[in-house]
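Here is what each chain is made of, one letter per residue.
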Amino acid sequence: MREFVAVLGLILAIEGLLFAGFPGAMRRALAAAAASEPTRLRLTGLASAVVGVLIVWVARRAGF
């Protein structure tokens with residue numbers, strides 16, 4: 001559970017840096033996401049989740 005909370009904190013930190021460093025690009029990205037079809041958002045979210053799980057699995061297996 002401690003690792004999960006640490007990862008959530010890291011995600012928030014990265015997201016915050018993106019909004020602080022590139023506010024215009026983040027606004028455009030959010031507008032594009034809001035205009036996308038729900039099916040496309042679901043597929044993109046599912047693909048991102050699968051890639052994220054694979055990255056975590058590989059990193060933990062390799063001992064990072």
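The shown structure was predicted, so the numbers you read here are calculated from the model rather than taken from an experiment.

A.B. asks: Quick question: what am I supposed to make of the overall build of the protein chain here?
C.D. replies: Assigned secondary structure in the protein chain consists of 3 helices and 0 strands. Its C-alpha atoms give the protein chain a radius of gyration of 15 Å, more than 25% over the compact-globule value 11 Å for 64 residues. Across its three principal axes, the protein chain shows a C-alpha extent of roughly 40 × 30 × 20 Å. The burial tally for the protein chain puts 2% of its 64 residues in the buried class. When the accessible surface of the protein chain is split by element, carbon and sulfur atoms take 72% of a total near 5,800 Å².

A.B. asks: How should the pattern of salt bridges be read in this particular structure?
C.D. replies: When the charged atoms of two side chains with opposite charge come close together, those side chains can pair. Applying the stated criterion to the full structure yields 1 salt bridge. Residue Glu3 is joined to Arg60 by a salt bridge in which the shortest nitrogen-to-oxygen separation is 2.9 Å. Here Glu3, found in helix α1 (residues 2-21), pairs with Arg60, found in helix α3 (residues 38-62); they are 57 residues apart in sequence, far enough to count as distant. Taken individually, Glu3 and Arg60 each receive the classification exposed, so the pair is uniform in this respect.

A.B. asks: For this particular structure, what's the right way to read the packing of α1 against helix α2 (residues 23-35)?
C.D. replies: Working note: a packed helix pair is described by the angle between its axes plus the distance between those axes. Interhelical geometry of α1 versus α2 gives an angle of 110° and a closest axis separation of 5 Å. One finds that α1 runs roughly perpendicular with respect to α2. Contact with α1, carried on its side by Leu18, Phe19, Ala20 and Gly21, involves Pro23, Met26 and Leu30 of α2 and no other residues of that element. In the contact of α1 with α2, the residues fall into 6 nonpolar, 1 polar and no charged.

So, how was this worked out
- Residues numbered from 1 in each chain as written.
- Predicted model: local features only at pLDDT ≥ 70, side-chain atom pairs only at ≥ 80, totals over all residues.
- Heavy atoms only, no water.
- Helix = DSSP H or I, 4+ residues; strand = E, 2+ residues; numbered from the N terminus.
- Rg over C-alpha atoms; globule rule 2.2 N^0.38 Å.
- Buried < 20%, exposed > 50% of the residue type's maximum accessible area, 1.4 Å probe, protein only.
- Areas by Shrake-Rupley, 256 points an atom, 1.4 Å probe, with all protein chains shown as cover.
- Salt bridge = Lys/Arg side-chain N within 4 Å of Asp/Glu carboxyl O.
- Axes fitted to C-alpha atoms, helices over the stretch in contact; angles between N-to-C directions.
- Parallel < 35°, antiparallel > 145°, perpendicular 65-115°, else oblique.
- Contact = heavy atoms within 4.5 Å.
- Nonpolar A, V, L, I, M, F, W, Y, C, P; charged D, E, K, R; others polar.

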